[in-house]
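Spelled out, the chains give:
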Amino acid sequence: MTLATLVTVCAVITVMILASLAFAFWSNPARGLAQTTHRIELLPLVLADRYMAFALLAMAVLFLGDLALMAVFFAVCAFMGFADGLIYARAGHPHMKHTISGVLSVIALGVTLAALIVEKGL
C-alpha cells in the first residue's frame, strides 16, 4: 500500500466518522451528545474551537491558492450558513446573521466559479 493510498483510506474513515456523527445529531440530538461526550454547558467553548478551526482552514485554502479547493470551501460555508439559518428560523429565533453568511458564501462561490471558468478558458 502506498502512502497516497493510506492517506485516501484516512480521508474515507474521517468522512465516515463525521457523517455518522452528523446523522446521530440530526436523528437524535441526545444520542449525538452522548456519542461525542459533548456537554451542553460547554458548547459555547466547543463552538469557539469550531470557528477557529474554520478560520485556520480558510487560511490554508487561501494560502494554497487552489480555486477548486476555494470553491468547495465556499460551498461548505454556504451549506453551514443556510442550514444554521434554517434551524433558527424554524425555531422562531433570529436567523439573518446565519442566513446572510450563507448568501455571502454563495456570492464568493459564484466569483470563484467564474474565476475557474476564466482560468480554464471555458
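Residues numbered from 1 in each chain as written. Predicted model: local features only at pLDDT ≥ 70, side-chain atom pairs only at ≥ 80, totals over all residues. Heavy atoms only, no water.

> I keep staring at the environment of Ala48 and nothing clicks. Help me out?
Inspection of the secondary structure assignment puts Ala48 in helix α3 (residues 43-64). Assessed through its relative accessible area of 42%, Ala48 is described here as partly exposed. Residues Ala48 and Val12 lie 36 residues apart in sequence; the distance between their C-alpha atoms is 26 Å. (Helix = DSSP H or I, 4+ residues; strand = E, 2+ residues; numbered from the N terminus. Buried < 20%, exposed > 50% of the residue type's maximum accessible area, 1.4 Å probe, protein only.)

> Whenever I open this one, α3 confuses me. Can you help?
Residues separated by three or four positions in an α-helix point in the same direction, a consequence of the helix having 3.6 residues per turn. The terminal C-alpha atoms of α3, which comprises 22 residues, lie 31 Å apart, in line with the 32 Å expected from a rise of 1.5 Å per residue. Directly beyond the C-terminal end of α3, a positive phi value near 70 degrees is found at Gly65. (Expected span 1.5 Å × (residues − 1).)

> Explain the pattern of salt bridges here, please?
Should their charged atoms come close, side chains of opposite charge can pair. Scanning the model with the defined rule gives 1 salt bridge in all. With a closest N to O distance of 3.0 Å, Arg39 and Glu41 form a salt bridge. (Salt bridge = Lys/Arg side-chain N within 4 Å of Asp/Glu carboxyl O.)

> I would appreciate a short explanation of the layout of surface pockets in the present structure.
Counted as a void, the largest pocket has a volume near 1800 Å³. Together, 30 residues line the largest pocket, and Phe25, Leu47, Met80, Asp84 and Ile87 are the ones closest to its centre. Listing elements by their share of the lining of the largest pocket, those giving two or more residues are α1 (3-27), α2 (29-36), α3, α4 (67-90) and α5 (96-120). In terms of residue count, α4 provides more of the lining of the largest pocket than any other element does, 9 residues in total. Of the residues that constitute the lining of the largest pocket, the class distribution is 22 nonpolar, 6 polar and 2 charged. (1 Å grid on protein atoms, 1.4 Å probe; cavity = no way out; pocket = protein on both sides within 12 Å on 5 of 7 lines; lining within 4 Å. Points joined across faces, edges and corners; volume = space filled by probe spheres on them. Nonpolar A, V, L, I, M, F, W, Y, C, P; charged D, E, K, R; others polar.)

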